[in-house]
Amino acid sequence: MKHTLSYYVKSYAVITLGSLLYALAYNIFYAPNLVAMGGLTGLGQVLNALIPVLPVGTTVFVMNVPLFFLGWKFIGGHLLVSSLYAMTFSSFAIDVMDMIYQFPPMDTMLAAIFGGALLGAGIGLVFAKGATTGGTDLIARLLKLKFAWLPMGTLVLIPDFIVIVLAAIAFGKVESALYGLVSLFITSKVMDMVLYGLDSSKVAYIISDSCKEITDAVIAMDRGATILHGEGAYSGDEKKVLMVAFKQKEIVPLKEKVNEIDPHAFLIVCDAHDVLGEGFRTYSKDDI
């Protein structure tokens, strides 16, 4: 499917924002507080600790180059180009920020918590537009092709954990690894929240003797419905179960309408992610 120029402008604007948040998280929270960071940026931390003249951003960029060539075979051109852009921008931003201003240390636990949240938000925005920031993020994106059922946050955790241990050894502080693990956990959760939590859809199961009236009311709300046939476990009576997918903002009107028609209706509302089809979104091969 061909995209318009405005689509690419908006996508790269989001990728730029995500990359900027990534760089801010590193310079504000990780670097000045010696919180171990995962990925190739974490390896950049290790090398910088051992050889201080090596700038972290430039080192990360150099390490990423061969990884991008290896990934060429498995990923599309748009993903490769957008990922190269995100990786270049974030690496450049890290070094420029460090030259302009060095942020003072703060409480290490606060740095781990808020750094992890900001980093997760940044990576999540980049991933949401089909790109990566390189390093283990790119590895996770490639692993997603093989393990499509695993959330991105989980796939990023594994290689990042190894890097965090190496960073702690380089810093000579076990606390760096422990704070790094706290930060990594928060990063993965916020990342998944950005990627999957924004799809705030719901699915409702409604069991009522007034199924026809409720169905008509749902259709009047411009929502489709599916009637499932069930059977009461105790009574053995045949039951009609109405299944409805809808947006978060429609949950209150739906509840009010069901209660108005049948106050004794049995209603179950569940979270639903990746809802595809009419009234929601369409499938894309770049979905993660």
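- Under an unreviewed UniProt entry, the name given to the protein is YitT family protein, and the source organism is Candidatus Flavonifractor intestinigallinarum.
- Heading Subcellular location (unreviewed entry) of the UniProt record for the protein holds this comment: "Cell membrane".

1. Remarks on the nonpolar core
Within soluble globular proteins, side chains that are nonpolar generally end up buried alongside one another.
1) Next: Counting residues in hydrophobic clusters, the biggest one holds 27 residues, and the most contacted among them are Tyr 30 and Leu 119.
2) Next: Listing elements by their share of this core, those giving two or more residues are helix H1 (5–30), helix H3 (56–71), helix H4 (77–100), helix H5 (108–128), helix H7 (152–171) and helix H8 (174–197).
3) Next: Per-element tally for this core: the top contributor is H1, with 7 residues.
4) Next: Sequence-distant contacts of Tyr 30, that is, excluding residues within four places in its chain, are made with Ala 25, Val 35, Ala 36, Met 37, Gln 45, Gly 115, Gly 116, Leu 119, Ser 183 and Thr 187.

2. Some thoughts on the packing of helix H9 (residues 211–220) against helix H10 (residues 251–261)
1) Next: Between H9 and H10, the shortest axis-to-axis distance is 10 Å and the interhelical angle comes to 150°. Classified by the angle between their axes, H9 and H10 sit roughly antiparallel to one another. Crossing geometry of H9 relative to H10 is assigned as right-handed. Listed contacts from H10 to Glu 213, Ile 214, Ala 217 and Val 218 of H9 are Leu 254, Lys 257, Val 258 and Ile 261.

3. A short note on the confidence of the model for the protein
For residues with low pLDDT, the predicted coordinates do not support detailed interpretation.
1) Next: Looking at the protein as a whole, the pLDDT averages 82, with 87% of positions reaching at least 70.
2) Next: Ranking the elements of the protein by mean pLDDT puts helix H6 (residues 135–146) last, at 72, and H5 first, at 93.

4. A word on empty space enclosed by the protein
1) Next: Per the counting criterion, the structure on display carries 2 cavities of 30 Å³ or more.
2) Next: Taken together, Tyr 30, Ala 36, Met 37, Gly 38, Leu 119, Asp 160, Ile 164, Gly 180, Ser 183, Leu 184 and Thr 187 form the lining of the second largest cavity.
3) Next: Ranked by residue count, the leading element in the lining of the second largest cavity is H8, at 4 residues.
4) Next: Partitioning the lining of the second largest cavity into residue classes produces 6 nonpolar, 4 polar and 1 charged.

5. Digging into the UniProt feature "transmembrane region" (unreviewed entry) in the protein
1) Next: The UniProt record annotates "transmembrane region" (unreviewed entry) at residues 12–29, 49–72, 84–103, 109–128, 149–171 and 177–198.
2) Next: Along residues 12–29, the helical share is 100% and the strand share 0%, with 25 Å between the first and last C-alpha atoms.
3) Next: This span, residues 84–103, is 85% helix and 0% strand, and a straight line between its end C-alpha atoms measures 27 Å.

6. Some thoughts on the layout of surface pockets
1) Next: The volume enclosed by the second largest pocket comes to roughly 330 Å³.
2) Next: If you go around the second largest pocket, you meet 18 residues; those closest to its centre are Tyr 26, Ala 31, Asn 48, Val 56 and Asp 98.
3) Next: Sorting the residues of the lining of the second largest pocket by element identifies H1, helix H2 (39–50) and H4 as the ones contributing at least two each.
4) Next: The element contributing the most residues to the lining of the second largest pocket is H4, with 4 residues.
5) Next: Counted by class, the lining of the second largest pocket contains 12 nonpolar, 4 polar and 2 charged residues.

What counts and what doesn't
Residues numbered from 1 in each chain as written. Predicted model: local features only at pLDDT ≥ 70, side-chain atom pairs only at ≥ 80, totals over all residues. Heavy atoms only, no water. UniProt positions renumbered as here; feature names shortened; annotations may be inferred. Core = buried A, V, L, I, M, F, W, Y, C linked by side-chain atoms within 4.5 Å. Buried < 20%, exposed > 50% of the residue type's maximum accessible area, 1.4 Å probe, protein only. Helix = DSSP H or I, 4+ residues; strand = E, 2+ residues; numbered from the N terminus. Contact = heavy atoms within 4.5 Å. Axes fitted to C-alpha atoms, helices over the stretch in contact; angles between N-to-C directions. Parallel < 35°, antiparallel > 145°, perpendicular 65-115°, else oblique. Left-handed = near helix turned anticlockwise from the far one by under 90°. pLDDT = per-residue confidence, 0-100. 1 Å grid on protein atoms, 1.4 Å probe; cavity = no way out; pocket = protein on both sides within 12 Å on 5 of 7 lines; lining within 4 Å. Points joined across faces, edges and corners; volume = space filled by probe spheres on them. Nonpolar A, V, L, I, M, F, W, Y, C, P; charged D, E, K, R; others polar.

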